[in-house]
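One-letter residues, chain by chain:
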Amino acid sequence: MDMLKFNILLLLICFVLLTGHIFAEGDGGVTLPVLNYIPGTRAMGLGAAYTALSDDVSALFWNPAGLGTMIRQEVSCLYEKLYEGTTFWFLGYALPVYGVGTFSAGLIYLGTSDIVGVGENLEDLGVYSDSQMMLILAYGAPLYNIKKFRSRHLRFLDVGAGLKFVKHSMSHYTSYGIALDLGAKYVPSKTTGFLHNFTFGLLVQNILPPTHKFDDIREWYPLTLKFGTCFKTLYDTLLINLDLTQILFRKSTLELNVGIEYIAMRIIPLRVGYKNGLTGGIGIILRDFLFDYALNYNFDLGVVHQFSISYKFGGPLRH
């Protein structure tokens, strides 16, 4: 790597470390808690800066356009133990189809049991539970697969969509909703000059925003815009990721998430990031398996840990 590239890399790393504390304040106004948790241990270690990088089964949540780059089937599951008896888990599967694109399905669960209810006069209202479950059906593919879009300007663009079915249960109340996400991912090749080191991602979340109402309490999924970029260098062993997130049509803070990944010896990914606190992670790649661990340190709540295992197998289905 020549001196110019080294200086650019050094500036990017400094920018990541210095700006994380400036922009990453709060949860950006997200109301439903399930959207605050991270279905993807790699993404968690990178501070949720994953819109442009997303290239595994968790892309169905982060940016369904990222599914279009997958060439092997993949199944992944993760588990995270949160505060006060709350658990979070994710199970996903992706199926590439040759010449068509990648279809994926995932299930996300966030739940708390044994919540003690207290009335206005401090009377005991008994014990109840609160859980949220989200089923996501997603599809991603290169735009070039569609004949009328086969132009040299669009051959590096992938697109995708994710349909989310949401169930929220609290005590004896249950509510359902549907949401739609649309994503795009631009992956230049070496023919595009210096841009071939970059990947860009764009996601519009909750175009169809469901709402949940329990008595007089209404919860909603806000329309959210995410933009991300990923810079790869050192033969794709060093990745620097930045994500910008903005809640639309309401007053909210622009959130910047950042993350750095270095793959040591091609089998040990090391990660550090920032999302409302410091994040980090480590993994090990054993042939078709990926074992991952990540932690998120929140200044108010402490440390949470997440574990996952992913398995890649076969190839694209031929129709």
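Residues numbered from 1 in each chain as written. Predicted model: local features only at pLDDT ≥ 70, side-chain atom pairs only at ≥ 80, totals over all residues. Heavy atoms only, no water.

A closer look at a nonpolar patch on the surface
Together, V75, L91, Y93, I284, L286, F289, F291, I309 and Y311 line one region of the surface with nonpolar side chains, adding up to about 690 Å² of accessible area. Looking at the element boundaries, I309 is found in strand β16 (residues 302-313). (Patch = residues over 30% accessible without salt bridge, like charges linked within 9 Å, V, L, I, M, F, W, Y side chains within 5 Å. Areas by Shrake-Rupley, 256 points an atom, 1.4 Å probe, with all protein chains shown as cover. Salt bridge = Lys/Arg side-chain N within 4 Å of Asp/Glu carboxyl O. Helix = DSSP H or I, 4+ residues; strand = E, 2+ residues; numbered from the N terminus.)

Digging into unusual backbone geometry
Although it is not a glycine, N206 adopts a positive phi angle of roughly 65°. Note that N206 resides in the loop between β7 (198-205) and β8 (211-214). Classification of N206 by relative accessible area gives buried; the value is 0%. In the Ramachandran plot, Y235 falls in the positive-phi region, its phi being about 55° despite a non-glycine side chain. Mapped onto the secondary structure, Y235 falls in the loop between β10 (224-233) and β11 (238-247). (Buried < 20%, exposed > 50% of the residue type's maximum accessible area, 1.4 Å probe, protein only.)

Regarding the packing of aromatic side chains
For the structure shown, the criterion picks out 11 aromatic pairs. Judged by centre distance (6.1 Å) and plane angle (75°), the rings of Y50 and W62 are edge-to-face. Of this pair, Y50 sits in the loop between α2 (41-45) and α3 (59-62) while W62 sits in helix α3, and the two are 12 residues apart along the sequence. Relative to F313, the ring of Y311 has its centre 5.4 Å away and its plane inclined at 15°; by these criteria the two rings are stacked. For Y311, a relative accessible area of 30% translates into the label partly exposed. Through successive ring pairs, a cluster of aromatic residues spans F289, F291, Y311 and F313. (Phe/Tyr/Trp six-rings, centres within 6.5 Å; stacked < 30°, edge-to-face > 60°.)

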